[in-house]
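Here is how the chains run, residue by residue.
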Amino acid sequence: MDARILDGNAIRDRVLAELASEIAGSARQGVVPGLAAVLVGDDPASRIYVRNKIRACNRIGAFSETIRLPAKTSTAELLALVQELNGRDDIDGILVQLPLPRDVDAQQVLCSVDPEKDVDGFHPVNVGRLASGQPGMVPCTPRGLIEILKRSAIPIKGRHAVIVGRSNIVGKPAAMLLLAEHATVTICHSRTRDLPAVCRRADILVAALGRPAMLTRKYIREGAVVLDVGISRLRDEAEVGRLLAHAPNRLARFRKTGSALVGDVHPGHVREVASAFTPVPGGVGPLTIAMLMSNTLEAAKRRRQPSYDATAFP
Ligand code: GUN
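Fair warning: this is a prediction, and the values are worked out from it, not measured in the lab. (Residues numbered from 1 in each chain as written. Predicted model: local features only at pLDDT ≥ 70, side-chain atom pairs only at ≥ 80, totals over all residues. Heavy atoms only, no water.)

A.B. asks: Just checking my understanding: could you explain helix α5 (residues 124-131) for this structure?
C.D. replies: Along α5, the residues that are buried comprise N126, R129 and L130. For α5, the angular spread of the buried residues around the axis is 100°, confining them to a single face. Against α7 (171-180) lie the buried residues of α5. Two residues or fewer after α5 comes G133, characterised by a positive phi angle close to 75°. (Buried < 20%, exposed > 50% of the residue type's maximum accessible area, 1.4 Å probe, protein only. Helix = DSSP H or I, 4+ residues; strand = E, 2+ residues; numbered from the N terminus. Arc of directions from axis to C-beta. Contact = heavy atoms within 4.5 Å.)

Spelled out as structure tokens, the structure:
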């Protein structure tokens, strides 16, 4: 089967263009959404993620501020910073980049963010709102999954969605959103019995387990739609050679750079079995950032426009 590639970069570009045009309008009335990104320590991946989030703010005309703190920052110092950001009128969204250093109480920090500024949707108040169908801030990656399906005209209602991974950031909120869209939802994890058989029941398969290329052909039903949230950097030549045998351009790039990104789904198998799939890179990742921008604008509207009527799932 010639699978359709769900191009996350193209969808992100459309979303950002819509947000930019909306912000251009609101800026004329003096409302410019603002995002504060808090980066603690010097994890290289986190630095790149935060840089990309700030670039997206610039692209849509939002205000942004990055606060970089040393790895030895204490929980109390972070709580004081979040309190200050909670009180600032020019900041609509607060993003504390994870993972935080081991000695920081991450849960306490995330719970200290004002739920109305919690653009990650990690605060228990927003988790509860999502679970009970009330308007709130929805985590960005799961929102991105729904956005990809809707903008690609892939039906969700009545379909069986199987999610592999039960994290608070992706698996659980993705289940809530898919349920709200009237899918039948199964959540699997490392202890699920006969995982390939359960995955093969999926019309929509969401891979969010963090194990590079683990979901091979035997996990994918012929014609399924596969959304791959995983992203791992591989450096082993033999492994990359096996996984990217179908993609000579990517192999050539690997030989130049010494590394290649792959998702949780086998990149060679998925294109042979699925009807549509998100590639890695360039699939789900770009939408996570686009949804963060959308959440920041949504937070600004809810906070600054008293007449704004929030919908349950933006
Ligand atoms: N680290 C990995 N993914 C995320 C995310 O979506 N938000 C934050 N704040 N940190 C992350």
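A.B. asks: It is not clear to me how the site of the ligand should be interpreted in this structure. Could you clarify?
C.D. replies: Taken together, V96, Q97, L98, D120 and F122 form the complete shell of residues around the ligand. Q97 places a side-chain nitrogen or oxygen 3.3 Å from a nitrogen atom of the ligand. At 3.0 Å, a backbone N or O of L98 approaches a nitrogen atom of the ligand. The fraction of the free accessible surface of the ligand (280 Å²) that becomes covered by protein chains is 79%. (Near = heavy atom within 4 Å. Polar contact = N/O pair within 3.5 Å; in protein donor to acceptor, adjacent residues only side chain to side chain. Areas by Shrake-Rupley, 256 points an atom, 1.4 Å probe, with all protein chains shown as cover.)

A.B. asks: Please explain unusual backbone geometry as it appears in this structure.
C.D. replies: Most of the time, phi is negative for any residue but glycine, and the peptide bond is trans. Between L98 and the following residue, P99, the backbone shows a cis peptide bond with an omega angle of 5°. The residue P99 is located in the loop between β4 (93-96) and α4 (106-112) in this model. Phi is positive for A153, which is not a glycine, with a value near 55°. Mapped onto the fold, A153 is located in the loop between α6 (140-151) and β5 (160-164). A positive phi angle, close to 70°, is found at H182, a residue other than glycine. One can find H182 in the loop between α7 and β6 (184-188). When its relative accessible area of 53% is taken as the criterion, H182 is described as exposed.

A.B. asks: Would you mind showing me how to read the environment of R55 here?
C.D. replies: Mapped onto the elements of the fold, R55 is located in helix α2 (residues 44-60). By relative accessible area, which is 49% here, R55 ends up partly exposed. Here the alpha-carbon distance between R55 and I289, two residues 234 residues apart in the chain, equals 9.8 Å.

A.B. asks: Explain the state of the cysteines here, please?
C.D. replies: All chains considered together, the criterion is met by zero disulfides. C111 carries a free sulfur, and the closest cysteine sulfur to it, the one in C140, is 17 Å from it. (Disulfide = S-S within 2.5 Å.)

A.B. asks: Explain the nonpolar core to me, please; I cannot follow it from the model alone.
C.D. replies: L149, L178, V206, L227 and M293 are the most contacted members of the largest nonpolar core, which has 51 residues in total. Ranked by the residues each element gives to this core, the list is headed by helix α12 (residues 284-304), at nine residues. Sequence-distant contacts of L227, defined by excluding residues within four places in its chain, comprise L6, L145, I148, L149, I204, L205, V206, A207 and T278. C188, I220, V270 and F277 belong to the second-largest nonpolar core, a separate cluster that totals 20 residues. (Core = buried A, V, L, I, M, F, W, Y, C linked by side-chain atoms within 4.5 Å.)

A.B. asks: Any chance you could explain empty space enclosed by the protein here in plain terms?
C.D. replies: Taking a probe equal in size to a water molecule and rolling it over the atoms shows the remaining empty space. Scanning all chains against the criterion turns up one cavity of 30 Å³ or more. Of the pockets and cavities examined, the largest cavity occupies roughly 40 Å³. Taken together, I94, L95, V96, L110, V113, D118, D120, F122 and H123 form the lining of the largest cavity. Here the element with the most residues in the lining of the largest cavity is β4; it accounts for three residues. Class assignment of the residues belonging to the lining of the largest cavity gives a composition of six nonpolar, one polar and two charged. (1 Å grid on protein atoms, 1.4 Å probe; cavity = no way out; pocket = protein on both sides within 12 Å on 5 of 7 lines; lining within 4 Å. Points joined across faces, edges and corners; volume = space filled by probe spheres on them. Nonpolar A, V, L, I, M, F, W, Y, C, P; charged D, E, K, R; others polar.)

A.B. asks: I tried to follow the pairing of strand β7 (residues 204-207) on my own but got confused; where do I start?
C.D. replies: The side chains of a regular strand alternate, residue by residue, between the two faces of the sheet. The alternating pattern of β7 places I204 and V206 and L205 and A207 on opposite faces, both of which are buried. The pairing of β5 with β7 spans four bridges and is parallel. Residue A161 lies in a different strand from β7, and its bridge partner there is I204. Pairing analysis gives four bridges linking β7 to strand β8 (residues 225-228), with the strands arranged parallel. (Pairing = 2+ DSSP bridges.)

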